[in-house]
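# Architecture at a glance
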Amino acid sequence: MKKLLFPLCLLALVLCGFSGSALAAYPDKPLSMVVTYPPGGATDFQARIVTTMASEEKFFGQPVVIINKPGAGGRVGWNWFAEKAAKDGYWMSTYNAPHFIAQSLIYKDSKFSVDSFEPVATWGADPAVLIVPKNSPFKTVKDLVAFAKANPGKVTVNGAGLYVGHHIAMLQLAKAEGITLTYVPEQGGTPAMQSVMGAKVMAGFNNLADAYRNREFVNILAIADMQRHSFISDVPTFLEEGIEVDNSSVNYRGIFLPKGTDAAVVAMCEKAFVDMFNSARVKELMEQSGSPMFVLNRAQTADLFIKVQKNLEVLLKDIKE
Amino acid sequence: MINARKRILETTVMFSIPIVALYMLRDISIADAKMFPKYICYLMLALATINAFQLWVYLHKIRPIHWPTFLRWSIPIKGGLTPFPLVRVGFALVMMGAYIFCMEAIGFYLSGFLFFLLCLLVLDPAKPTLGGAVRKTLYALVFMAVVYLLFSVMLGVVIPSGIAL
Amino acid sequence: MDFLTYFFACFTPIKVMLMVGGAIGGILMGAAPGLSPTMAVALLVPFTFHMQPADGLILLGAVYTAAVAGGSITAILINIPGAPSNIATMFDGHPMAKKGQAERALYLSFFSSGVGGLFGVAVLILFTPPIARMAMEFGPAELFWLAIFGVTVIAGLSSGTVVKGLYAGAFGLLISCIGENPVYGVERFVFSDMLTGGISIIPALIGLFAIPQIFTLVETLGQILEKKSFKPQKGILRAAFFETLRHPKQWLMGSVVGSIIGAIPGAGGQVAGLIAYDQSKKMSKTPELYGTGMPEGVISVESSNNATVGPALIPLLTMGIPGSPTAAVLLGGLLIHGLFPGPELFTKHADVAYTFIASMVVSQFFMAIFGIMIARYSHVVMNIPNIFMVAAVTVLCVYGSYSVQNSMDDVIIMFTLGLLMYLSSRNSFSPAPVVLGLILGPLAEDNFSRGKIIAQTSDGLMSYFFTGGVNLVVISLCVISIVWSVYSEYKLARNNVPSLSQA
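Figured I'd write up the structure that's included with this text. (Residues numbered from 1 in each chain as written. Chains lettered and ligands numbered in written order. Predicted model: local features only at pLDDT ≥ 70, side-chain atom pairs only at ≥ 80, totals over all residues. Heavy atoms only, no water.)

### A short note on the overall build of chain C
In terms of regular secondary structure, chain C is built from 23 helices and 2 strands. Compactness check: chain C gives a C-alpha radius of gyration of 22 Å against a globular reference of 23 Å for 503 residues, within 12% of the reference. In terms of its C-alpha atoms, chain C occupies a principal-axis envelope of roughly 70 × 60 × 45 Å. Residues classed as buried in chain C amount to 67% of the 503 residues present. The contacts in chain C between residues at least 6 apart in sequence include a share of 78% that link residues at least 24 apart. Here chain C has roughly 16,900 Å² of accessible surface; of this, 69% comes from carbon and sulfur atoms. Of the charged side chains in chain C, 24 are positive and 24 negative; the average position of the first set lies 13 Å away from that of the second. (Helix = DSSP H or I, 4+ residues; strand = E, 2+ residues; numbered from the N terminus. Rg over C-alpha atoms; globule rule 2.2 N^0.38 Å. Buried < 20%, exposed > 50% of the residue type's maximum accessible area, 1.4 Å probe, protein only. Contact = heavy atoms within 4.5 Å. Areas by Shrake-Rupley, 256 points an atom, 1.4 Å probe, with all protein chains shown as cover. Lys, Arg positive; Asp, Glu negative; His and termini not counted. Charge placed at Lys NZ, Arg CZ, Asp CG, Glu CD.)

### Considering the packing of aromatic side chains
Scanning the model with the defined rule gives 45 aromatic pairs over all chains in all. When the ring of F108(B) is compared with that of Y109(B), the centres are 5.1 Å apart and the planes differ by 65°; the resulting orientation is edge-to-face. On the accessibility criterion, F108(B) (1% relative accessible area) is buried. Taking relative accessible area as the criterion, Y109(B) reaches 4% and is therefore assigned buried. Members of the aromatic cluster, connected to one another through ring pairs, are Y37(A), W78(A), F81(A), Y95(A), F100(A), F112(A), F117(A), F256(A) and F305(A). The cationic tip of R213(A) hangs over the ring face of F340(C); the distance from NZ or CZ to the ring centre is 5.9 Å. Positioned above the aromatic ring of F429(C), the side-chain terminus of K164(C) is 5.2 Å from the ring centre. (Phe/Tyr/Trp six-rings, centres within 6.5 Å; stacked < 30°, edge-to-face > 60°. Lys NZ or Arg CZ within 6 Å of the ring centre and 35° of its normal.)

### Overview of the sheet that holds strand β8 (residues 203-207) of chain A
Spatially, the 5 strands line up as an open sheet ordered β7-β6-β8-β5-β9 (chain A), and their pairing is mixed. In the strand order of this sheet, the two ends are held by β7 (182-185) and β9 (218-223) of chain A, each with one partner. Ignoring which end each strand starts from, the neighbouring axes of this sheet average 30° apart. For strand β6 (residues 156-159) of chain A and β8(A), the ladder comprises 2 bridges, and the chain directions are parallel. Paired with V157(A) across the strands is A203(A), a residue of β8(A). Sheet strands touched by helix α6 (residues 165-177) of chain A: β5 (128-133), β6, β7 and β8 of chain A. Its angle to β8(A), the strand with the most contacts, is close to 130°. The strands touched by helix α21 (residues 431-457) of chain C within the sheet are β6 and β7 of chain A, with β7(A) carrying the most contacts at an inclination of about 160°. (Pairing = 2+ DSSP bridges. Axes fitted to C-alpha atoms, helices over the stretch in contact; angles between N-to-C directions.)

### Some thoughts on helix α3 (residues 86-106) of chain B
A rise of 1.5 Å per residue sets the reference length of α3(B), with its 21 residues, at 30 Å; its end C-alpha atoms lie 29 Å apart and thus fit the reference within 8%. Here α3(B) has its buried residues at R88(B), V89(B), A92(B), M95(B), M96(B), G97(B), Y99(B), I100(B) and M103(B). Of the surrounding elements, those touching the buried residues of α3(B) are α4 (108-123) of chain B together with α9 (201-220), α19 (386-405) and α20 (408-425) of chain C. (Expected span 1.5 Å × (residues − 1).)

### Re a nonpolar patch on the surface
Residues and elements named next belong to chain B. There is a patch of nonpolar side chains on the surface, built from V87, F91, L118, L121 and V122 and spanning about 430 Å² of accessible area. Those elements that provide at least two residues to the nonpolar patch are α3 and α4. A per-element tally of the nonpolar patch places α4 first, with 3 residues. Along the chain, L118 turns up in helix α4. (Patch = residues over 30% accessible without salt bridge, like charges linked within 9 Å, V, L, I, M, F, W, Y side chains within 5 Å. Salt bridge = Lys/Arg side-chain N within 4 Å of Asp/Glu carboxyl O.)

### Brief notes about the sheet that holds strand β10 (residues 251-258) of chain A
All names here are of chain A. Ordered in space as β2-β1-β3-β10-β4-β11, the 6 strands form an open sheet in which the pairing is mixed. Across the chains shown, the open sheet's two edge strands, defined by having one partner strand only, are β2 (64-68) and β11 (293-296). With strand direction ignored, the average angle separating the axes of adjacent strands in the sheet is 25°. Alignment of strand β1 (residues 31-35) against strand β3 (residues 91-97), held across 3 bridges, turns out to be parallel. Opposite V34, over in β3, you have S93 as the bridge partner. The sheet strands contacting helix α9 (residues 263-277) are β1, β3, β4 (117-126), β10 and β11, and the helix crosses β4 at an angle near 10°.

### Structural notes on the interface of chain B and chain C
On the side of chain C, 65 residues touch chain B, which itself brings 67 residues to the contact. In total, chain B and chain C occlude about 6,000 Å² of area from one another, counting both sides; carbon and sulfur atoms represent 80% of this. At the boundary of chain B and chain C, one finds 1 salt bridge. We note a salt bridge from K164(C) to E10(B), for which the minimum N-O separation is 2.9 Å. Seen at the junction of chain B and chain C, the total is 4 residue pairs in polar contact (both at pLDDT 80 or more). Residue assignment for the side of chain B that touches chain C shows that the elements contributing at least two residues are α1 (2-25), α2 (31-59), α3, α4 and α5 (130-155) of chain B. With 13 residues, α2(B) is the largest single contributor of residues to the side of chain B that touches chain C. (Buried area = accessible area lost by both parts, 1.4 Å probe. Polar contact = N/O pair within 3.5 Å; in protein donor to acceptor, adjacent residues only side chain to side chain.)

### Looking at the environment of A276(C)
Residue and element names in this part refer to chain C. As for its placement among the helices and strands, A276 is situated in helix α12 (residues 272-283). Looking at A276, the relative accessible area reads 0%, which means it is buried. Linking A276 and S300, residues 24 residues apart in sequence, is a C-alpha distance of 6.0 Å. If we ignore the near neighbours within four places in the chain, the residues touching A276 are M253, G254, V257, S300 and S304.

### Overview of the packing of α3(B) against α20(C)
Interhelical geometry of α3(B) versus α20(C) gives an angle of 165° and a closest axis separation of 9 Å. As far as their axial angle goes, α20(C) and α3(B) are roughly antiparallel. Once α3(B) is placed against α20(C), the crossing between them reads as left-handed. The segment α3(B) lies against α20(C), with V89(B), L93(B), M96(B), G97(B), I100(B), F101(B), M103(B) and E104(B) engaging M408(C), V411(C), I412(C), F415(C), L419(C) and Y422(C). For the contact of α3(B) with α20(C), a count of residues per class yields 12 nonpolar, 1 polar and 1 charged. (Parallel < 35°, antiparallel > 145°, perpendicular 65-115°, else oblique. Left-handed = near helix turned anticlockwise from the far one by under 90°. Nonpolar A, V, L, I, M, F, W, Y, C, P; charged D, E, K, R; others polar.)

### Notes on the packing of helix α4 (residues 53-78) of chain C against helix α17 (residues 350-375) of chain C
All names here are of chain C. Contact geometry of α4 with α17 gives a least axis separation of 8 Å together with a crossing angle of 35°. For the crossing formed where α4 meets α17, the hand is right-handed. Of the residues in α17, those in contact with A54, L57, I58, G61, A62, T65, A66, A69 and I73 of α4 are V352, T355, F356, S359, M360, S363, Q364, M367 and I374. Broken down by class, the residue content of the contact of α4 with α17 amounts to 12 nonpolar, 6 polar and no charged.

### Quick word on the state of the cysteines
In the structure shown here, the tally under the stated rule is 0 disulfides over all chains. A disulfide-free cysteine, C119(B) has its sulfur positioned 12 Å from the sulfur of C397(C), the nearest such atom. Residue C119(B) is classed as buried on the basis of its relative accessible area, which comes to 2%. Residue C177(C) stays outside any disulfide, its sulfur separated by 8.4 Å from that of C41(B), the closest cysteine. (Disulfide = S-S within 2.5 Å.)

Below, the structure written as structure tokens:
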């Protein structure tokens, strides 16, 4: 008889699972959130911070379990998510813009595009900043531009990878000032920071959050955004310096669901996430870790995607030539 | 001459891997990106050639004393005392393949349990008995229960869950 | 030395419980094939959210150091490494286990781990500023040469079958190119969607080592072997302790190698064990006995891989640059608690930082103690009938490969590589060079490409790669290593010539 007990229990469980979930019961089991980067990275720990409160009744009443699916700068995770993730509302993913949009444009065999996803909310905006080693001869952006003009192609600028925000910022800077810079793609934000600290490259673009944390070891010359940031209020924007670099390279992080998820579920997620992002505890933890917050709801996030896509199509066309 | 046949097969494979790789590299546009794998393939081809040379010499049974040290023989595996248990290994292979491919469909714990049980039943050289079968089911249950406790309950790790647990 | 005042702060009941729990849990998690130290720490980071920063860090640190040591258990007992750092432990550890000396091997391993770990933490405490500066000196060119040095170790590992060893290493280098190249953004060898992310190390490790081992067990199931039931013996513990002390050259060398490689960010502390093994072999008077159960092989490797733990934290704590993949996860843990690495950590949060470092010292002892306690029961594992091993290990391996990246594709990759390796192992190819190639490939290639991009803007390729103090040091290491390998091959052949002529 003992032999039959286990299969019987299983059968009972299976039948429970098949009883279907009424919308009022959503969510009745833990939610899975795919993070397309390795554990310990910026997106990963920020995702963990913003979802710590999910188990509270007023948000989801169920915990959010983070599942890391790293690879190819996020593409592996997003490919999987667009193709294979269940559309029942229990699977969601973090997004990084402009990364996923740029990748969908550049890599023709990607299985996703801006239209494969239902945007839910945005939690953070990490602008790119231009950093140089502590002992660099460049004291302002103008110094760097002047040097680059005199020595085309000699200035090495690194960033966390190819076609990520940093790369886009570099392209914008080069285009705006008509200079040739040599881009050195690194394995991620931290290795890129390390190279700049060790003066292995002359300059680099990196995230505001990382640069702020390491401000003892690097000089921050400018920020690629529309206005200065409170963390580093004495650093000018590129626009203030007279250089046409706007906020297309800002690294936005947020959440989306697969296209085709039930509209009521999407709305519920949106409300829960926006409330969580705006809660005091999340704000406190994010500030503690030096990560800038920027909350957008579903409609605003959708607009953001459209704007970034348009920008990228123009910018990337220039590279192709 | 099983040894010789095995070694000929091995040398063929050693040549074919870099050749296939070089073929796959052909349609990459950026020259720099091809450089590293290309040289690795050349190295592999060189090593395969040395191996083929050794094989040729072996087939002609020349004594190895005169050769420089870095072309020393690789020791061929001697034939075992018992014939190779092809059936059992074949079964193990098939079961493992089935386990991996069904894991996502029917869930990790169920498929693990079934695999464990089938392994114990099929691969055991002793004669199957009913009492033995019951005991094996118990072992399988206990093992999967421990794994379940350790991973799902204590660490809360997500496992591929299909229809069942 | 404000450090001493904080030393006693780590002996509160909660902290001691965390260290003990972390040590035991870490050893067990490290032992499970597939659960590497990185994953073990990553799994526990969410647990620490609700703890005090100091407590959370203590737990993570204890788990890190214990997991690195725990992998030696499976390496010795069932010839399957628990993590890349334990590959070299297998070479001499498992033969010792087969000869009935499993307990001795395990004791040696844990004693050396403790010694190596203490050495590493001592380096962390005493030499942080110079090591941090040295770590920053390593740029693309230096890392490239370090990778080449690792490649020369591949040749050393396969003495006796150099051609096949080099081929296996080249194969490893080749498959490391699968996937997207981060510097140029092109995809190579991606003939199936599963391979877009490339071949990740842990599933490959499991496939290459565990699957052939499992099939070997399956093959021998039918043979009624003399039932070698292993019994526990008395007095081994004390003997092992003194034996470890009798080989200072081994653990000193291992610890130094481990400390240096651990401190260098991006250098892959996983190869520290293999490099230490290679150096130990080169230093020995009887290199041909390595692989048959030489205790020196176990001592040098285990002290080296635990010595990477402390120094990996140096660039992490001082600059926020992790010295190893596990340290990267620790960085996330630090940030979540609002502890920014840097000078601030040692001033504003001095209590947390110093208590953490102190706890690392104490954790070494706990790890050694619990490892030894667990090792007492090693004969139980050795006596389990093979058929259970086959089934259980397969289930754990499948689970381990899946859980690294939550990806079914990894399991399929593991199985495919494993089958390939099994078929090749009958032709005397061995898996260790393949894994070395897999780990070193990206290191060598990415740094070369990046270095090339930078060099083209300044002085040119030659001067970039061949000038600079650190560069020259590492290049000379490579040259010495190659020369020594060739020389030992020559000596080996000369000694074996009389026996061969009888064949």
